[in-house]
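Report on the structure
Here's the letter readout for the chains.
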Amino acid sequence: MLDFWNKRYEEYPYVYGVEPNQFFKKALEQLSGGRIFLPAEGQGRNAVYAARQGWEVIACDFSDVGRQQAEELAARYEVEIDYRVAEFGELILAPNYFDCIALIYAHFPAENRRRYHRRLFNSLKPGGTLILEAFSKEQLGKSSGGPQSLDMLYSEEELREDFQGLSQLQIQTEEILLEEGAFHQGAASVVRLIGVK
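Small disclaimer: the values here were computed from a predicted structure and weren't measured.

1. A few points about unusual backbone geometry
- Despite not being glycine, Glu78 shows a phi value in the positive range, around 60°.
- Checked against the element boundaries, Glu78 lands in the loop between α4 (64-76) and β3 (82-85).

2. A word on the packing of helix α2 (residues 22-29) against helix α3 (residues 45-52)
- Closest axis-to-axis distance for the α2/α3 pair is 11 Å, and the angle between their directions is 20°. In terms of orientation, α2 lies roughly parallel with respect to α3. Crossing angle aside, the handedness with which α2 passes α3 is right-handed. Only Asn46, Tyr49 and Ala50 of α3 make contact with α2, whose side of the interface consists of Phe24, Lys25, Leu28 and Glu29.
- For the contact of α2 with α3, the per-class residue count stands at 4 nonpolar, 1 polar and 2 charged.

3. Brief notes about the environment of Val191
- Within the secondary structure, Val191 is located in strand β7 (residues 184-196).
- Judged by relative accessible area, which is 0%, Val191 ranks as buried.
- For the pair Val191 and Phe135, spaced 56 residues apart in the sequence, the C-alpha separation amounts to 6.0 Å.
- The residues touching Val191, leaving out its near neighbours within four places in the chain, are Leu132, Glu133, Ala134, Ser136, Tyr154, Glu156, Leu159, Ile171, Gln172 and Thr173.

4. Notes on the packing of aromatic side chains
- Applying the stated criterion across every chain yields a total of 6 aromatic pairs.
- Ring plane angle 55° and centroid distance 4.7 Å describe the contact between Phe88 and Tyr116, whose orientation is recorded as tilted. Of the two residues, Phe88 is situated in the loop between β3 and β4 (98-104) and Tyr116 in helix α5 (residues 110-123); the sequence distance between them amounts to 28 residues. Tyr116 shares its class with Phe88; the two are buried.
- Each ring, one from Tyr105 and one from Phe135, has its centre 4.6 Å from the other, and the planes form 40°; the classification is tilted. Taken together, the residues span a long stretch of sequence, with Tyr105 in the loop between β4 and α5 and Phe135 in strand β5 (residues 124-135) at a distance of 30 residues. Note on accessibility: Tyr105 and Phe135 belong to one class, buried.
- One aromatic cluster in this structure is built from Phe37, Tyr97 and Phe98.
- Sitting above the plane of the Tyr77 ring, Arg52 keeps its charged end 4.1 Å from the centroid.
- Between Arg118 and the ring centre of Phe121, over which it is positioned, the NZ or CZ distance is 4.6 Å.

5. Focus: the pairing of β4
- Extensive coverage of β4 is indicated by the burial of 6 of its 7 residues.
- Pairing geometry for strand β1 (residues 35-39) and β4, over 2 bridges, is parallel. Following the sheet pairing, Ile36 is matched in β4 by Cys100.
- Pairing geometry for β4 and β5, over 6 bridges, is parallel. Residue pairing in the sheet places Ile104 in a bridge with Glu133 of β5.
- Viewed along the sheet, the connection from β4 through α5 into β5 turns out right-handed.

Conventions we followed
- Residues numbered from 1 in each chain as written.
- Predicted model: local features only at pLDDT ≥ 70, side-chain atom pairs only at ≥ 80, totals over all residues.
- Heavy atoms only, no water.
- Helix = DSSP H or I, 4+ residues; strand = E, 2+ residues; numbered from the N terminus.
- Axes fitted to C-alpha atoms, helices over the stretch in contact; angles between N-to-C directions.
- Parallel < 35°, antiparallel > 145°, perpendicular 65-115°, else oblique.
- Left-handed = near helix turned anticlockwise from the far one by under 90°.
- Contact = heavy atoms within 4.5 Å.
- Nonpolar A, V, L, I, M, F, W, Y, C, P; charged D, E, K, R; others polar.
- Buried < 20%, exposed > 50% of the residue type's maximum accessible area, 1.4 Å probe, protein only.
- Phe/Tyr/Trp six-rings, centres within 6.5 Å; stacked < 30°, edge-to-face > 60°.
- Lys NZ or Arg CZ within 6 Å of the ring centre and 35° of its normal.
- Pairing = 2+ DSSP bridges.
- Right-handed = clockwise from strand over helix to strand, strands pointing away.

Have a look at this one:
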């Protein structure tokens, strides 16, 4: 999987564009700042946007090519991000540490998904916000992006279970038109979630 992503990022610099995900951008506009964590951050478009808004950004992915391109994008905007190259399962996450966590197309294998999501929930501060946009199970077979494996796509029910304990929960499956770089183009089915710990 690492070779796949390194090759994709080498062949397609900013394959999902340099602008932030629109759902993430709108959600972040409602928050006042602090420390934010973005796992599976790829080439850095959302991390750099958050840094431009004054957030202290910690990002993670297992692609060193992704990190290099994210740091180049940060330099272009004259901001700093703390980008760590690691498998998510290897990360040590302090409890009650982040003011916000954003999972933007962060698809984990089914055997790890719930455990990873619970770790993320635990690392949110009380009062912290979780933002998520990911492909729903209805995305299977669509050409607009995402894993083509049903168990790596998400349902509202799974996410409610994974993030039980969030309050002010807003979650819905939506049909949208994606326009994010070369590989997120066209009609798509996504799950969007915002909640507060």
